[in-house]
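Overview (structure and organization)
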Amino acid sequence: MGPPPHLTRMRRRPLLTFALCLPLTRLAGAQASEPEADDAPAGLPQYKVSAAALQAAVGQRFPLRYPVPGLLNLDVQLPTLHLLPALNRLGAEMAVEAAGPALNRSHQGTLDVEFALRYEPTDRTVRAHQLRLKRLQFPTLQPGVVALLNTYAPALAEGALLEVVLHRMRPQDLTLPDGLGMQPGSITVTPEGLTIGFVPKPLS
């Protein structure tokens, strides 16, 4: 004779609970071992900026003229931006024209810089930060003149790109993160552009 009906029902309940929980446990394990492609925690909001959008934004500032008083003018043309994910930085290459009373004709050169990025919360902008001059070259100028121009190169690079706005977020872009008590934090350079991560707001 089999067990009473009430004992059978009691035995079935733990088995049913285990059967329902097992798929959920497996799903949680799969999510932990297979993170998103950018290794961001699942469920956290992210904001992406394309390389094309960055290039369009930086173009609004150029061309730019930098005078060397009494000698010449350096005219800086639109930079070409390069994504440097391995360094988490951007590179910029700019054509520069040198012309003025100290030169018998105009000369074409290039200015190369690298920079990091920072988020400015007061106006919701992503800005060029920690500028690093790589080189200023003028192949047709005398070496002594190039050496002289290189003394002005750091100021030229800073005037061209330091704290330049590369992107401005709209208020509606921050509505969801703000509702979750989060604010822009990390900025990661990817092969496609930028990924802005969000972090919890500090407790007031």
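Now for a look at the structure at hand. (Residues numbered from 1 in each chain as written. Predicted model: local features only at pLDDT ≥ 70, side-chain atom pairs only at ≥ 80, totals over all residues. Heavy atoms only, no water.)

Details of the overall build of the chain
A tally of regular secondary structure across the chain gives four helices and ten strands. N-terminal to C-terminal, the α/β element order of the chain is α-β-α-β-β-β-β-β-β-α-β-α-β-β. For the chain, the residues scored as buried account for 33% of the 204 residues in total. Partitioning the contacts of the chain with sequence separation of at least 6, the portion at a separation of at least 24 is 53%. Carbon and sulfur atoms make up 59% of the accessible area of the chain, which totals about 12600 Å². (Helix = DSSP H or I, 4+ residues; strand = E, 2+ residues; numbered from the N terminus. Buried < 20%, exposed > 50% of the residue type's maximum accessible area, 1.4 Å probe, protein only. Contact = heavy atoms within 4.5 Å. Areas by Shrake-Rupley, 256 points an atom, 1.4 Å probe, with all protein chains shown as cover.)

A look at unusual backbone geometry
Here Phe 62 and Pro 63 are connected by a cis peptide whose omega angle stands at 5°. With respect to the helices, strands and loops of the structure, Pro 63 is situated in the loop between helix H2 (51-58) and strand S2 (64-68). For Asn 88, which is not a glycine, the phi torsion comes out positive at approximately 55°. Mapped onto the secondary structure, Asn 88 falls in the loop between strand S4 (80-84) and strand S5 (89-99).

A few points about the side chain of Thr 190
The residue Thr 190 is located in the loop between strand S9 (182-189) and strand S10 (193-200) in this model. Here Thr 190 falls in the buried class, since its relative accessible area comes to 16%. Once residues lying within four places of it in the same chain are set aside, the contact partners of Thr 190 are Leu 83, Pro 85 and Thr 195.

Details of the pairing of strand S3 (residues 72-76)
Where burial is concerned, most of S3 is hidden: four out of the five residues are buried. Pairing of S2 with S3, which is carried by five bridges, proceeds in the antiparallel orientation. Considered in S3, the bridge of Tyr 66 is made with Leu 74. Connecting S2 to the next strand, S3, in antiparallel fashion are three residues, including Gly 70 with a positive phi near 80°. Direction of pairing for S3 relative to S5: antiparallel, over a ladder of four bridges. (Pairing = 2+ DSSP bridges.)

Points about the sheet that holds S10
Taking strand neighbours across the sheet as the criterion, the three strands line up as S1-S10-S9 in an open arrangement whose pairing is antiparallel. Each of the sheet's edge strands pairs with one partner strand only, and the pair in question is strand S1 (46-50) and S9. Pairs of neighbouring strands in the sheet enclose a mean axial angle of 25°, with direction left out of account. As paired elements, S9 and S10 share six bridges and run antiparallel to each other. If you follow Gln 183 over to S10, its bridge partner there is Val 199. (Axes fitted to C-alpha atoms, helices over the stretch in contact; angles between N-to-C directions.)

What about H2?
Given 3.6 residues per turn, any residue in an α-helix points the same way as the ones three and four places further on. Of the residues making up H2, those classed as buried are Leu 54, Ala 57 and Val 58. Buried residues along H2 cover an arc of 90° about the axis, so they all sit on one side. Next to the buried residues of H2 lie S1, S4, S5, helix H3 (143-161), strand S8 (165-168) and S10. (Arc of directions from axis to C-beta.)

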